[in-house]
Amino acid sequence: MQDQATEVTAAGIARLAGVGRAAVSNWRRRHADFPKPVGGTETSPSFALAEVEGWLRKQGKLAEVPLRERVWQQLAGHPEGPLTALVHAGCALLLIHERSTVWLAASAGSDERLARLLPGALAQVLTPRLGELAGVLMPGVGAPDDVNTSDDSQTTDRGSTAPGVNTAPTTPDVNLPDSSDTPDAPPPLLSSVPLLRGAAELAAEVGARQAFEFLLGRHLDANPRQYTLTPAELAALMADLAGPARTALDPACGTGALLRAVDTRPEQWLHAQDSAPDLAALTALRLALHSRAGVRAAAGDALRADAFPELRADVVLCHPPFNERNWGHDELAYDPRWEYGFPARTESELAWVQHALARLTDGGTAVLLMPPAAASRRSGRRIRADLLRRGALRAVLALPVGAAPPYNIPLHVWVLRRPERNPAAPEVLLMDTGRYAGEGRAGPDWAAVREAVLDAWRAFTRAGRLAERPGLARSVPVIELLDDDVDLAPARHLPPPAVADGAEQLAAVRERLGETLRLTTDLTPPAADPAPPVRWPLTTIGELARAGALVMRTGGNGGHARLPVLTDTDVLTATAPSGTLPESDEEAVLTEPGDVVVPVLGGGSVARVIEEATAGAALGRNLVLLRPDPTALDPWFLAGFLRGTANNRQASSYASTATRLDVRRLQLPRLPLAQQRRYGARFHALDEFERALRHASRLGDHLVRGMYDGLTDGTVAPD
């Protein structure tokens, strides 16, 4: 079987069989006929997928094959690499999506027959949709004489010429020639046939588009450091700022997120270019699957080797590479695109800005994601000044921290328009949406960001100016910005946030604090002589785990990159899961309602009960999860007694720089379940009181900061 070349790791075997990695290790030790490793390393071996599936079926451990997982393992273990496999799968899915009868005719036979017929079958879709890129996507695919392309036009509606052809549908043709020049040699696509058949099965379940998005998403999650992604919410916002378009261009397309966000119709054209041929190919396939618009994609550096030099697009969307020193400064000194000034070597982003403007039609809009330094670096001040004077720069919008990578800085969105004959633009919109940042790594409140940005932008474009929105937005006269620095950072030009009525804020906080403090009456006993300590019979967490009253798990260092991760900081601060884990073979531990999570470092007495809102997150490092049997242990009773100071002290050990908690040594009293629940109810009330105190503290901090701001800007009188 040709799938013999596809390899799978122990973690992949565990996913296929729906078990943990420990079970796979046990199978390898206990069963002499378990498949032998065919690759990998001694600590992380890999196995032939076909042999593994055969063994699992023989043992009755694969009664129901999880199709998505099987297809993903075929892709991840492809002998030519996962990226090549993803391109092959995308081509087959595009064929299935547009010409299902051609696929059925080609696939109704042996694997070798399908591999020999695939180039001819794919040519009927790839050549009309993607032009010369078809030969890059699939070996042996060109433009055979018997393929009807129905429209040989290579020109845009503006008279420009570019690689690729239009997307007009062709007449189905199931008369597929054998494209192999050497019938005795194995066809080049033979190793991909099992993957393509699996992808076709997945497409039958969820649709070709969704199947490709699933495989692409898993590939991106498995290789987070190889790609700089544009979040879907940000891509949608940038596309909305740009507005409708008949032609759109992304000169640094990556995986195509920006062009995919464009609202497309069949008469539209999408142009994409990327310096990485694989990314250009993936973008072309993604756009062809998701839209009936014309798609033209090309590989190459758009600054050095522009694939669309004659294009004049209505919209340009771009997330350019940041801080590129080697962008072509030396060889592009006399390039006609530098209408607003020759960018310095350190100003690669301003080179991309001018490239975008050069590819726009008069009155067209460009929206670029920019690093905040581009708005204020002295080396770029002359270009920024000329962009302002000539009316090309229309808005600079500061995003919240965490909106896009790199997540630790507030990136900017620049909105530009190619000036028409009368480029009068006396004001520029400046906006700072930092107030909508999320807590931890949760990301910004995209709904609020979107509403605020689009409302301000539409009001500004209608009137040419925008009344001040304190702390959020204002339109600034260009003349005010043309100083020695030409600093366009929005925060430096916005009025401070309006301070609400200090008395009202104080009354609201005082009332909330009063409610919180009144809880102490119910939670604490009345003043009386203290009762003597109770001597309960005790047991330990270790004994309960051995008896089966609870399950004990420890957090790991890897898992699925898409999962939210509960960190020790999240447990200590009672916040939502904010961490991430790299993709690895290690199986993630997922939290469930009623679990109790305990940090093991730091010496604090903390235990958190997992509720519905937190369930499903992966357990992070330095955490221990306890899953009590509800018929034997109440989770709030368990968490409450684990937080006892004396209990933690006796279970802690000390290294040279840290305190470590041995959770197995923590003690619990042996109490009937009914009495446990009485204690659990009180511990639950204490937990809610603790959360209320934290919230009151945040309200107090907010009030104090507002009063300082009010006193310093004169909106609050000292008396």
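- Going by an unreviewed UniProt entry, the protein carries the name DNA methylase adenine-specific domain-containing protein and comes from Streptomyces murinus.

1. Regarding the nonpolar core
Part 1: Core analysis: the largest hydrophobic core is formed by 100 residues, its most contacted members being W103, L241, L317, L397 and V413.
Part 2: It is helix 5 (residues 82-98) that provides the largest number of residues to this core, a total of 11 residues.
Part 3: When residues of this core are assigned to domains, at least three fall in each of domain 2 (66-137 + 188-226) and domain 3 (236-245 + 309-492).
Part 4: The contact partners of V413, leaving out residues within four places of it in the chain, are L234, L241, V367, L368, L369, A395, V396, L397 and L399.
Part 5: Membership of the second largest hydrophobic core comes to 43 residues, among which are A298, A351, A385 and W414.

2. A closer look at the state of the cysteines
Part 1: In this structure the tally under the stated criterion is zero disulfides.
Part 2: Between C253, a free cysteine, and C318, which holds the nearest cysteine sulfur, the sulfur-to-sulfur gap is 9.5 Å.

3. Quick look at the pairing of strand 8 (residues 360-370)
Part 1: Taken across its 11 residues, strand 8 has nine buried, putting it largely inside the fold.
Part 2: Taking the sense of rotation as the criterion, the β-α-β connection linking strand 7 (residues 313-318), helix 14 (residues 348-358) and strand 8 turns out right-handed.
Part 3: Pairing of strand 8 with strand 10 (residues 412-417), which is carried by six bridges, proceeds in the antiparallel orientation. Within the sheet, the bridge partner assigned to M370 lies in strand 10 and is H412.

4. Here's the deal with the environment of N326
Part 1: With respect to the element layout, N326 can be found in the loop between strand 7 and helix 14.
Part 2: Polar contacts involving the side chain of N326 include one to the side chain of R304, which spans 3.0 Å.

5. Focus on the packing of helix 5 against helix 6 (residues 100-107)
Part 1: Between helix 5 and helix 6, the least distance of the axes is 5 Å, while the angle of their chain directions is 120°. Taken together, the axes of helix 5 and helix 6 are oblique relative to one another. From helix 5, A92, L95, I96 and E98 reach across to helix 6, where they touch S100, V102 and W103.
Part 2: Its residues placed into classes, the contact of helix 5 with helix 6 shows five nonpolar, one polar and one charged.

6. A word on helix 5
Note: α-helices contain 3.6 residues per turn, so residues at a spacing of three or four share the same orientation.
Part 1: For helix 5, spanning 17 residues, the distance from its first C-alpha to its last is 24 Å, which sits close to the expected 24 Å at 1.5 Å a residue.
Part 2: With 13 of 17 residues buried, helix 5 is to be regarded as a mostly interior element.

7. Some points on the packing of aromatic side chains
Part 1: Overall, the coordinates contain 12 aromatic pairs when judged by the stated rule.
Part 2: When the centroid spacing of 5.7 Å and the interplanar angle of 80° are considered together, the rings of W536 and F641 count as edge-to-face. Residue W536 is located in the loop between helix 18 (502-523) and strand 13 (538-540), and its partner F641 is located in helix 21 (residues 635-642); the two are separated by 105 residues in the primary sequence.
Part 3: The class of W536 is partly exposed, set by a relative accessible area of 26%.

8. What to know about the environment of P477
Part 1: In this structure, P477 sits in strand 12 (residues 473-477).
Part 2: Residue P477 is classed as partly exposed on the basis of its relative accessible area of 22%.
Part 3: Taking the C-alpha atoms as reference, P477 lies 4.2 Å from E427; in sequence the two are 50 residues apart.
Part 4: Those residues in contact with P477 that lie beyond four places of it in its chain are P426 and E427.

Criteria and thresholds
- The residue count restarts for each chain, going from 1 along the sequence in the order it is written.
- Thresholds applied to this predicted model are a pLDDT of at least 70 for local features of residues and 80 or more for the giving and counting of side-chain atom pairs; totals over whole chains, interfaces and linings are not thresholded and use all residues.
- Side-chain numbers here rest on the full set of heavy atoms in the structure, without hydrogens or water.
- As used here, the term nonpolar core means buried Ala, Val, Leu, Ile, Met, Phe, Trp, Tyr and Cys residues forming a set that is joined through side-chain atoms within 4.5 Å.
- Type-normalised accessible area, obtained with a 1.4 Å probe on protein chains alone, sets the label of each residue: buried when under 20%, exposed when over 50%, and partly exposed for intermediate values.
- Starting at the N terminus, helices and strands are each numbered in turn, a helix being any DSSP run of H or I of at least four residues and a strand any DSSP run of E of at least two.
- Domains are outlined according to an automatic or database domain assignment.
- Working rule for contacts: check all heavy atoms of both residues, and any pair within 4.5 Å makes them a contact.
- A pair of sulfur atoms, both from cysteines and within 2.5 Å, is called a disulfide here.
- By the criterion used throughout, a crossover qualifies as right-handed when its path from the first strand across the helix to the second strand runs clockwise, the strands pointing away from the viewer.
- For two strands to count as paired, DSSP must find a minimum of two bridges between them.
- We call two N or O atoms a polar contact when they sit within 3.5 Å, provided that within protein one can donate a hydrogen and the other can accept it, with sequence-adjacent residues counted only if both atoms are side-chain atoms.
- Here the axes come from fitting lines to C-alpha atoms, over the contacting stretch only for helices, and the angles between their N-to-C directions go from 0 to 180 degrees.
- Oblique is the label for any angle not covered by the other classes, which are roughly parallel (under 35 degrees), roughly antiparallel (over 145) and roughly perpendicular (65 to 115).
- Only Asp, Glu, Lys and Arg are considered charged, only Ala, Val, Leu, Ile, Met, Phe, Trp, Tyr, Cys and Pro nonpolar, and every remaining residue, Gly among them, polar.
- To estimate how far a helix should extend, the number of its residues minus one is multiplied by 1.5 Å.
- Only Phe, Tyr and Trp rings take part, Trp by its six-membered ring, and two of them pair if their centres are within 6.5 Å. Stacked means planes under 30 degrees apart, edge-to-face means over 60, and tilted covers everything else.

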